[in-house]
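So you can see what is in the structure, the chains are spelled out below.
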Protein chains: 4
Amino acid sequence: MSGINKVILVGHLGKDPEVRHLDGGVTVASFPLATSETYNKEGKRIEQTEWHNIVLWRGLAEVASKYLQKGKLVYIEGKLRTRSFEDKERVKKYVTEVVAENFTLLGRKSDFENTPVAAATPKHENDYVEPEDNATGDLPF
Amino acid sequence: MSGINKVILVGHLGKDPEVRHLDGGVTVASFPLATSETYNKEGKRIEQTEWHNIVLWRGLAEVASKYLQKGKLVYIEGKLRTRSFEDKERVKKYVTEVVAENFTLLGRKSDFENTPVAAATPKHENDYVEPEDNATGDLPF
Amino acid sequence: MSGINKVILVGHLGKDPEVRHLDGGVTVASFPLATSETYNKEGKRIEQTEWHNIVLWRGLAEVASKYLQKGKLVYIEGKLRTRSFEDKERVKKYVTEVVAENFTLLGRKSDFENTPVAAATPKHENDYVEPEDNATGDLPF
Amino acid sequence: MSGINKVILVGHLGKDPEVRHLDGGVTVASFPLATSETYNKEGKRIEQTEWHNIVLWRGLAEVASKYLQKGKLVYIEGKLRTRSFEDKERVKKYVTEVVAENFTLLGRKSDFENTPVAAATPKHENDYVEPEDNATGDLPF
DNA sequence: TTTT
DNA sequence: TTTT
């Protein structure tokens, strides 16, 4: 039976997206994302940061490589995937990644000056009058 | 700036979906969904039910009309939309609906015997080997 | 059976929170929140804004009244609740609200200058060494 | 600045919860959870299963150990945490877990016959008349 | 009634 | 490795 596997993150990019083009022309982008949580312990303010490996595919990777940069605040929606790989010493290792299905840049107007708009994969199949889906794909402008 | 407007529900359909075909061939389906919360008040178990107006468009409406029925347990993801309309006495009224962007039937295998599969609008642009997106649209089988 | 009723919003406050103290000392705060979606229609960038009625109770209302103001960007998590009331002409009306269960201020450092920190109802029951829950309640600093 | 780190899963337990009592009396429970996704590839129905490591602390661990069993369908809400540990050969390894903050048993009424109710950490600070929070903690019945 |  |  089908299940649900959903991740919602708001955090800052630790690095610029790294873009690769696979055989067959598929684009993949990835970057680390930090989500910080601040809490109080015995009167002291403590910050705990969690790092996430974000992976984006195809059109979403292209949009990300254009509009996301180190330090930006971004909302990311995606799913968890754990995959195995062999390291240099041929030891089998596991890594858990967040495969993004959607993202939106957050932040101030000034943050957008060189990056006109940021919502990726917009969905608005919900207007009574709109005769067909937005055909422009991932670029929302 | 872009924002986020997301609703996640798990509940039972109060009625079969009601399907309409608008001018221009657009399909819309709608149904009430109940989400129940059980809690304890002064030692007594209390159940509180919230009713939601679910609306689905186009392909998602078609899939819903085939696979969702009164009583089924379903996961729904969508967004809030409040719209105004005039009632019979021409009084302006407002209603808040959940416009579904995705749904998945939950429940037992036996529940699926006449409805092979239930995940709508699957997204899996995340396999290294998969050369192109699933082209079958909303029908996941 | 239990269900799920969850709303996740990122948007800007349309007004300062309005705070009321009910009989019995319970505090309630409420404000309108705008979530904007930008999309492309026939080459033109279109913005669609949805307004949500946010309601907060007790400790969360107190924190909100201190740290949230008109214009601020905030992440809100809560649940949908539709309630009925009688208007001035004693006509029964319905309104759907988002009852907040959690919120986090988003935005730049400069936004926080007069509002030290913003995460409400922090949860971090997840450290191996931490012997008991944070006892300071809603104030995260 | 604060961020958001949220995971939402619906899936089946791969094993019964494993419960441990740490020094200091803290209870921890953990189990693997499978989320399956069914999609169509070249006309063939393909099921892809993702496994998640779920960890629960304190009261939530106690409730989980009572009501969750291998095979049960459960909704889980929590956050991602990657931690390092040393394996038997003293090699440093990393594992990503979902630290549950909330869970709800899903499924048929018959599934609950020996486990009356399943919503953990209920929140309903939202009734106008309710003078104080549910004081019974994690046990919702 | 917010924001970009 | 981000941010406040």
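Residues numbered from 1 in each chain as written. Chains lettered and ligands numbered in written order. Predicted model: local features only at pLDDT ≥ 70, side-chain atom pairs only at ≥ 80, totals over all residues. Heavy atoms only, no water.

Go over the overall build of chain A with me, naming the residues and quoting the values.
Each helix and strand in chain A was counted, giving one helix and six strands. Of the regular secondary structure in chain A, the N- to C-terminal order runs β-β-β-β-α-β-β. If you take every contact in chain A between residues at least 6 apart in sequence, the share linking residues at least 24 apart comes to 53%. Accessible area for chain A stands at about 6,700 Å²; split by element, carbon and sulfur atoms hold 48% of it. (Helix = DSSP H or I, 4+ residues; strand = E, 2+ residues; numbered from the N terminus. Contact = heavy atoms within 4.5 Å. Areas by Shrake-Rupley, 256 points an atom, 1.4 Å probe, with all protein chains shown as cover.)

Now, about the environment of Lys-93 of chain C: what can you tell me, with residues and values included?
All names here are of chain C. The topology assignment puts Lys-93 in strand β6 (residues 92-106). Distance in space between the C-alpha atoms of Lys-93 and Lys-66 is 31 Å, their sequence separation being 27 residues. When near neighbours in sequence (up to four residues on either side) are disregarded, Lys-93 contacts Arg-83, Ser-84, Phe-85 and Asp-87. Only 3.5 Å separates the side chain of Lys-93 from the side chain of Asp-87, close enough to count as a polar contact. (Polar contact = N/O pair within 3.5 Å; in protein donor to acceptor, adjacent residues only side chain to side chain.)

Describe in detail the environment of Val-26 of chain C, supporting the description with residues and values.
Residues and elements named next belong to chain C. With respect to the helices and strands, Val-26 occurs in the loop between β2 (18-21) and β3 (27-41). Residue Val-26 is classed as buried on the basis of its relative accessible area, which comes to 7%. Val-26 sits 47 residues away from Leu-73 along the chain, and the two C-alpha atoms are 26 Å apart. (Buried < 20%, exposed > 50% of the residue type's maximum accessible area, 1.4 Å probe, protein only.)

An account of unusual backbone geometry is requested, with residue identities and associated values reported.
Phi at Arg-90 of chain A is positive, roughly 60 degrees, even though this residue is not glycine. Position of Arg-90 of chain A relative to the elements: it lies in the loop between β5 (73-86) and β6 (92-106). Even without glycine at this site, Arg-58 of chain D takes up a positive phi of about 50 degrees. Under the relative-accessibility criterion, Arg-58 of chain D is labelled buried at 15%.

Before we move on, could you go through the pairing of strand β2 (residues 18-21) of chain A and cite the residues and values that matter?
Residues and elements named next belong to chain A. In this structure, β2 lies alongside strand β3 (residues 27-41), joined through four bridges in antiparallel fashion. The residue of β3 that forms the bridge with Arg-20 is Val-28. Hairpin remark: β2 followed by β3, antiparallel, with five residues in the connecting loop; positive phi at Gly-24, about 95 degrees. (Pairing = 2+ DSSP bridges.)

Describe the pattern of salt bridges, and please don't skip the residues or the numbers.
Residue and element names in this part refer to chain B. Enumeration over the complete set of coordinates arrives at 32 salt bridges over all chains. Of the charged contacts, one joins Arg-81 and Glu-97 as a salt bridge, the two residues approaching to 2.7 Å between their closest N and O atoms. With a gap of 16 residues between them, Arg-81 in strand β5 (residues 73-86) and Glu-97 in strand β6 (residues 92-106) connect regions that are remote in the sequence. On the basis of relative accessibility, which here comes to 6%, the residue Glu-97 falls in the buried class. (Salt bridge = Lys/Arg side-chain N within 4 Å of Asp/Glu carboxyl O.)

Account for the side chain of Asp-87 of chain B, naming residues and giving values.
All names here are of chain B. The residue Asp-87 is located in the loop between β5 and β6 in this model. With relative accessibility at 16%, the residue Asp-87 sits in the buried group. Engagement of the side chain of Asp-87 in a polar contact is seen with the backbone nitrogen of Glu-89, the distance being 3.0 Å. Among the polar contacts listed, one links the side chain of Asp-87 to the backbone nitrogen of Val-91, at a separation of 2.8 Å.

Please provide a residue-by-residue account of the pairing of strand β4 (residues 44-57) of chain C, values included.
All names here are of chain C. The pairing of β3 with β4 spans 14 bridges and is classified as antiparallel. When the bridges of β4 are listed, Ala-34 appears paired with Trp-51. Between β3 and β4, which pair antiparallel and follow one another directly, the connecting turn spans two residues, one of which, Glu-42, has a positive phi of 50 degrees. One ladder, built from two bridges, connects β4 with β6; its direction is parallel.

Explain the confidence of the model for chain A to me, using residue names and the numbers behind them.
The predicted model of chain A has a mean per-residue pLDDT of 80, with 75% of residues at 70 or higher. Note that pLDDT drops below 50 for residues 109-141 of chain A; the model gives that stretch 89 contacts with residues more than four away or on any other chain. (pLDDT = per-residue confidence, 0-100.)

I'd like a description of the environment of Arg-81 of chain C, backed by residues and values.
Take Arg-81 of chain C: its relative accessible area is 8%, and that puts it in the buried class. Looking at Arg-81 of chain C, its side chain comes within polar contact range of the side chain of Glu-97 of chain C, at 2.7 Å.

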